[in-house]
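Listed below are the residues making up each chain.
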Amino acid sequence: MQCPKCHAPMHTYNRNGVQIEQCNGCRGIFLDYGELESLTRLEAQWGGQQAPPPPAPQAYPAPPAPQGYPAAQAPAWGAPHGGHGGHGGHYGGHSRHKSFGHMLFSS
Amino acid sequence: MTAAFLPALTAKASAAAHPNPHPNPRPDTPCDCATPVLTARPDATVIRHGTIVAKAHAPDTPPTDLTARLQTAAHPTLATTLLPPLHLTPTELQGRPVTLWPYGTPVDRDDPDAAPWEAAATLLARLHTVPPPTTLPHPLPPMRGPAKAAHAVARLHAAGPHPAAPPVLRAWAALPPWARAETPPPGPHLLCHGDFHLGQLVRTPEGHWRLIDVDDLGTGNPAWDLARPAAWYACGLLAPDEWTRFLDTYRGAGGAAVPADGADPWPALDVPARALTVQTAALAITKSVAADRPLDEIEQALVDACDRMSRMPPRPAELAPETTK
């Protein structure tokens, strides 16, 4: 099958009886209906614990449903608030001038 | 640099700025035009004299590389993208190559609201759509972005131990070899600026924005040219609306570094943005050590980002193929 995101071919792997498709291009993983629950159950059995609450965040979270102006996408390692259109970051007020002159110009 | 270097560089700029009978009535006395020093680093000395800018490049600059870069900047295909030099080859001054350029007005560092994000994005998109092998007369060396990042990390090593250095070095170690200038980058090699930031834009007397500084120009992964704004945005140093303006304009102008169809740009930007964050953090620590001062909040934000990225490798490891459908 082809990756729904980048259209590269996907390969199927078996993990403890669960079929997982991974894209050769973007490394995205496709799970069929019920597969995530199966994996979660297996993980809980392995750890001898209750199943943890799903789901883990994606590496590149999709923007939330538009509310006026959609938030820009950001990498997972981005600043906790700065990259998601929220408050925080260093681009407001005094810090904005400082970071602009200080960082946005130097080699 | 000797004490006589700046006067000699000034004389070169002055001769270019005043080619006809000098306005000074006594040609044996120095010209009285002001000659501000725009940059004074070991690898670059830049002065302005009237309408002319003279740049003395690093002494170890390979002459053939610099000539190929100058001729690219002078090529008609790039007339609306790169500021053209006055001459197609460098001259030499006390062992350093020197190039001459028309003066252009830089971006105002004190006015973030006036930053020309759209112009920057359009120029980069234009640069990235030039097919280098067929259009340009001289083969260009690789774009020097990864080499500059590696150089910054080497400087961090040389600066000695620092409490903020380990997360930066961990983030560097997690990058793929091409981003550390160890192997050529994968994918298509397009014409790239190699060191884009807002100081690399000037406005001509006619009011057109152009890219300057061809020292790192070459072929490579064009996402590197978007990586500095991307890194500032990811580190919380550039507001989301400014980043979005830049990225949307780049895409609208047909820029090749990210998918054009609105798909997530971060798979393409991730590695270069990480590398630029590491590079900037490494230089910030190096400078703080040299000045014997603590990191400021902006510099700490870069180190914090390195710490987060070192715990999230650039690309998930490929699953081991147990079975294949």
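Residues numbered from 1 in each chain as written. Chains lettered and ligands numbered in written order. Predicted model: local features only at pLDDT ≥ 70, side-chain atom pairs only at ≥ 80, totals over all residues. Heavy atoms only, no water.

- For chain A, the name recorded in an unreviewed UniProt entry is Zf-TFIIB domain containing protein, with Streptomyces kanamyceticus as its organism.

Focus: the overall build of chain B
Here comes step 1: Secondary structure summary: chain B contains 10 helices and 10 strands in total.
Here comes step 2: Its C-alpha atoms give chain B a radius of gyration of 21 Å, near enough to 20 Å, the size a compact globule of 325 residues would have.
Here comes step 3: Projecting the C-alpha coordinates of chain B onto the three principal axes gives extents of approximately 85 × 50 × 40 Å.
Here comes step 4: Out of the 325 residues belonging to chain B, those deemed buried represent 53%.
Here comes step 5: At a minimum sequence separation of 6, the contacts of chain B that also span at least 24 residues come to 70%.
Here comes step 6: Per element, the accessible surface of chain B, about 14100 Å² overall, is 59% carbon and sulfur.
Here comes step 7: Computing the positive centroid from 26 side-chain charges and the negative centroid from 32, chain B places the two 3 Å apart. (Helix = DSSP H or I, 4+ residues; strand = E, 2+ residues; numbered from the N terminus. Rg over C-alpha atoms; globule rule 2.2 N^0.38 Å. Buried < 20%, exposed > 50% of the residue type's maximum accessible area, 1.4 Å probe, protein only. Contact = heavy atoms within 4.5 Å. Areas by Shrake-Rupley, 256 points an atom, 1.4 Å probe, with all protein chains shown as cover. Lys, Arg positive; Asp, Glu negative; His and termini not counted. Charge placed at Lys NZ, Arg CZ, Asp CG, Glu CD.)

Things to note about the overall build of chain A
Here comes step 1: Along chain A, the regular secondary structure elements total 2 helices and 3 strands.
Here comes step 2: When the helices and strands of chain A are listed from N to C terminus, the series reads β-β-β-α-α.
Here comes step 3: Taken across its 107 residues, chain A has 33% of its residues classed as buried.
Here comes step 4: In chain A, the proportion of contacts linking residues at least 24 apart, taken out of those at least 6 apart, comes to 6%.
Here comes step 5: Accessible surface computed for chain A: about 6600 Å², of which carbon and sulfur atoms make up 58%.

Overview of the pairing of strand β3 (residues 52–57) of chain B
Residues in a regular strand point their side chains to alternate faces of the sheet.
Residue and element names in this part refer to chain B.
Here comes step 1: Counting buried positions over the 6 residues of β3 gives 6, a clear majority of the element.
Here comes step 2: What you see with β3 is no split at all: Ile52, Ala54 and Ala56 on one side and Val53, Lys55 and His57 on the other are buried throughout.
Here comes step 3: If you look at the hairpin formed by strand β2 (residues 44–49) and β3, you'll find 2 residues sitting between the two strands, and glycine 50 has a positive phi there, around 60°.
Here comes step 4: Two elements, β3 and strand β5 (residues 96–102), share 5 bridges in a ladder whose sense is antiparallel. Counted as the bridge partner of alanine 56 is valine 98 from β5. (Pairing = 2+ DSSP bridges.)

Some details on helix α10 (residues 297–310) of chain B
All names here are of chain B.
Here comes step 1: A rise of 1.5 Å per residue sets the reference length of α10, with its 14 residues, at 20 Å; its end C-alpha atoms lie 20 Å apart and thus fit the reference within 8%.
Here comes step 2: Of all the residues in α10, the buried ones are Ile298, Glu299, Ala301, Leu302, Val303, Ala305, Cys306, Arg308, Met309 and Ser310.
Here comes step 3: Its side-chain oxygen placed 3.0 Å from the backbone nitrogen of isoleucine 298, aspartate 296 serves as the N-cap of α10. (Expected span 1.5 Å × (residues − 1). Polar contact = N/O pair within 3.5 Å; in protein donor to acceptor, adjacent residues only side chain to side chain.)

Considerations on the packing of helix α5 (residues 145–158) of chain B against helix α6 (residues 165–173) of chain B
Residues and elements named next belong to chain B.
Here comes step 1: Axis separation between α5 and α6 bottoms out at 11 Å; the angle between their running directions is 145°. In this structure, α5 meets α6 at a crossing whose hand is left-handed. Together, Ala149, Ala150, Val153, Leu156 and His157 of α5 and Ala165, Val168, Leu169 and Trp172 of α6 make up the contact between the two elements. (Axes fitted to C-alpha atoms, helices over the stretch in contact; angles between N-to-C directions. Left-handed = near helix turned anticlockwise from the far one by under 90°.)

A few points about helix α2 (residues 63–73) of chain B
Residue and element names in this part refer to chain B.
Here comes step 1: Of all 11 residues making up α2, 8 are buried, and the element is well covered by its neighbours.
Here comes step 2: Those residues of α2 that fall on the buried side of the exposure criterion are Leu66, Thr67, Ala68, Arg69, Leu70, Gln71, Thr72 and Ala73.
Here comes step 3: Against the buried residues of α2 lie β3, β5 and β7 (190–192).

Here's the deal with the sheet that holds β5(B)
Residue and element names in this part refer to chain B.
Here comes step 1: Taken in spatial order, the 5 strands line up as β1-β2-β3-β5-β4 in an open sheet, and their pairing is antiparallel. In this open sheet, the two strands that pair with only one neighbour each are β1 (37–41) and β4 (91–93). Each strand of the sheet is rotated relative to its neighbour by a mean of 25°, with strand direction disregarded.
Here comes step 2: Contacts from helix α1 (residues 5–17) reach β1, β2, β3, β4 and β5, with the element oriented near 45° to β2.

Section: the sheet that holds strand β6 (residues 105–106) of chain B
Residues and elements named next belong to chain B.
Here comes step 1: Taken together, the 3 strands give an open sheet; going across it, the order is β6-β8-β9, and neighbouring strands pair in antiparallel fashion. The sheet is open, and its two edges are formed by β6 and β9 (209–211), each paired on a single side.
Here comes step 2: The sheet strands contacting helix α3 (residues 117–128) are β8 (201–203) and β9, and the helix crosses β9 at an angle near 50°.

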